[in-house]
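Descriptive structure summary
If you want the building blocks of each chain, they are given just below.
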Amino acid sequence: MNEELYKLLYDKLESEEGNKSKVYKDSQGHLTAGIGHKLVGDELIKWGEGDEVPEAQRKAWAEKDIQTAYDASTKQAQEMNIDSESFINDLVSVNYQLGTSWGKGEGKFPKAYEALVEGRYDDAIKEINTNSKGEPSAWKNQTPDRVKNFESGIQTLNLKSIKDMEPTEEEIQIQNHKRALSYDFGITKRDTPQGFNTFLITKSFGLPFNIKKNEPENTTEEE
């Protein structure tokens, strides 16, 4: 990850998570500080709720946490067969907040992850928004804006998928040409049933359709 991308992700996550200098309990009751960094191990011994955490330490946490989320996101995007840098950045936000196992095993949204891998984007959107009872998911209740942002990223994939299915200009021209040939030959068969085979061959060489059917010469002499 280059410096420019890191700054982009840092600013994005800071706007989403905030940057708290003092240790606080998040919505799940975990001691947290900086840009949504959950304290673990020795950090829990060193800092307690309400303690001030130096800026240098908060930046160090952010650098490590962002790199972890980015590495997981690029791997997940490969599994999903997605090369959109914008969507990878959306995944970074998801991994940063929900953890890198959000779509695996006992993670929060394994069905949504599976749908993304299989290209079922509408199903993925449904999974992140609702629980098994059809009610708003816990994630949506907790941070609706984060869910909305991820949903927008998935919708972008959906639009791209639809666009990729549209025929190119060259394919459209080929299809139109095929339709024209089919239509012309059909008329020829109806108008000149007896000379159809001969006429079809001449058409395949590109001769115009206004060629008249060969009529037998009148050899009867007038009296």
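What you see is a predicted model, and the numbers here were worked out from it, not measured in a lab.

**Here we look at the pattern of salt bridges**
For the structure on display, the rule yields eight salt bridges. One salt bridge connects aspartate 11 with lysine 7, and the closest N-O pair in it is separated by 2.9 Å. Of the two residues, aspartate 11 and lysine 7 both sit in helix H1 (residues 3-17), four residues apart, roughly one turn of that helix. Assessed through its relative accessible area of 34%, aspartate 11 is described here as partly exposed. One salt bridge in this structure joins arginine 146 and glutamate 16, with 3.4 Å as the shortest N-O distance. Remark: glutamate 16 occurs in helix H1 and arginine 146 occurs in helix H8 (residues 144-165); sequence separation between them is 130 residues.

**With respect to helix H4 (residues 85-98)**
In a regular helix each residue adds 1.5 Å, so 14 residues correspond to 20 Å; H4 covers 20 Å between its end C-alpha atoms and thus fits that length. Of all the 14 residues making up H4, 11 are buried; the element is thus mostly covered by neighbouring parts of the structure. Remark: glycine 99 follows H4 within two positions and exhibits a positive phi of approximately 95°.

**Quick notes on the packing of aromatic side chains**
Scanning the model with the defined rule gives seven aromatic pairs in all. A centroid spacing of 6.0 Å and a plane angle of 45° characterise the contact between tyrosine 6 and tyrosine 10, whose relative ring orientation is tilted. Placement of both tyrosine 6 and tyrosine 10 in helix H1 is noted, with a separation of four residues, approximately one turn of the helix. For tyrosine 6, a relative accessible area of 22% corresponds to the partly exposed category. On the basis of relative accessible area, tyrosine 10 is assigned to the buried category, the value being 14%. Their ring planes at 80° and their centres at 5.3 Å tell us that tryptophan 47 and tryptophan 61 sit as a pair that is edge-to-face. Of this pair, tryptophan 47 sits in the loop between helix H2 (42-46) and helix H3 (55-79) while tryptophan 61 sits in helix H3, placing them 14 residues apart in sequence.

**A short note on the nonpolar core**
Judged by nonpolar contacts, the single largest core of 34 residues is most densely connected at Phe87, Trp102, Leu116, Phe150 and Ile154. Those elements that place two or more of their residues in this core are H1, H3, H4, helix H5 (110-117), helix H6 (121-129) and H8. The greatest single-element share of this core, amounting to seven residues, is contributed by H4. Core analysis: the second largest hydrophobic core is formed by seven residues, Val23, Ala33, Leu39 and Trp61 among them.

**Some points on the environment of glutamate 85**
Checked against the element boundaries, glutamate 85 lands in helix H4. Distance from glutamate 85 to threonine 74, taken between C-alpha atoms, is 9.1 Å for residues 11 residues apart in sequence.

**A closer look at the packing of H1 against H3**
Between H1 and H3, the shortest axis-to-axis distance is 11 Å and the interhelical angle comes to 105°. As summarised for this structure, H1 and H3 are arranged roughly perpendicular, according to the angle between their axes. For the pair H1 and H3, contact is made by Leu5, Tyr6, Leu9, Tyr10 and Leu13 and by Lys59, Ala62, Glu63, Ile66 and Tyr70, respectively. Residue composition of the contact of H1 with H3, grouped by class: eight nonpolar, no polar and two charged.

Calculation rules
- Residues numbered from 1 in each chain as written.
- Predicted model: local features only at pLDDT ≥ 70, side-chain atom pairs only at ≥ 80, totals over all residues.
- Heavy atoms only, no water.
- Salt bridge = Lys/Arg side-chain N within 4 Å of Asp/Glu carboxyl O.
- Helix = DSSP H or I, 4+ residues; strand = E, 2+ residues; numbered from the N terminus.
- Buried < 20%, exposed > 50% of the residue type's maximum accessible area, 1.4 Å probe, protein only.
- Expected span 1.5 Å × (residues − 1).
- Phe/Tyr/Trp six-rings, centres within 6.5 Å; stacked < 30°, edge-to-face > 60°.
- Core = buried A, V, L, I, M, F, W, Y, C linked by side-chain atoms within 4.5 Å.
- Axes fitted to C-alpha atoms, helices over the stretch in contact; angles between N-to-C directions.
- Parallel < 35°, antiparallel > 145°, perpendicular 65-115°, else oblique.
- Contact = heavy atoms within 4.5 Å.
- Nonpolar A, V, L, I, M, F, W, Y, C, P; charged D, E, K, R; others polar.

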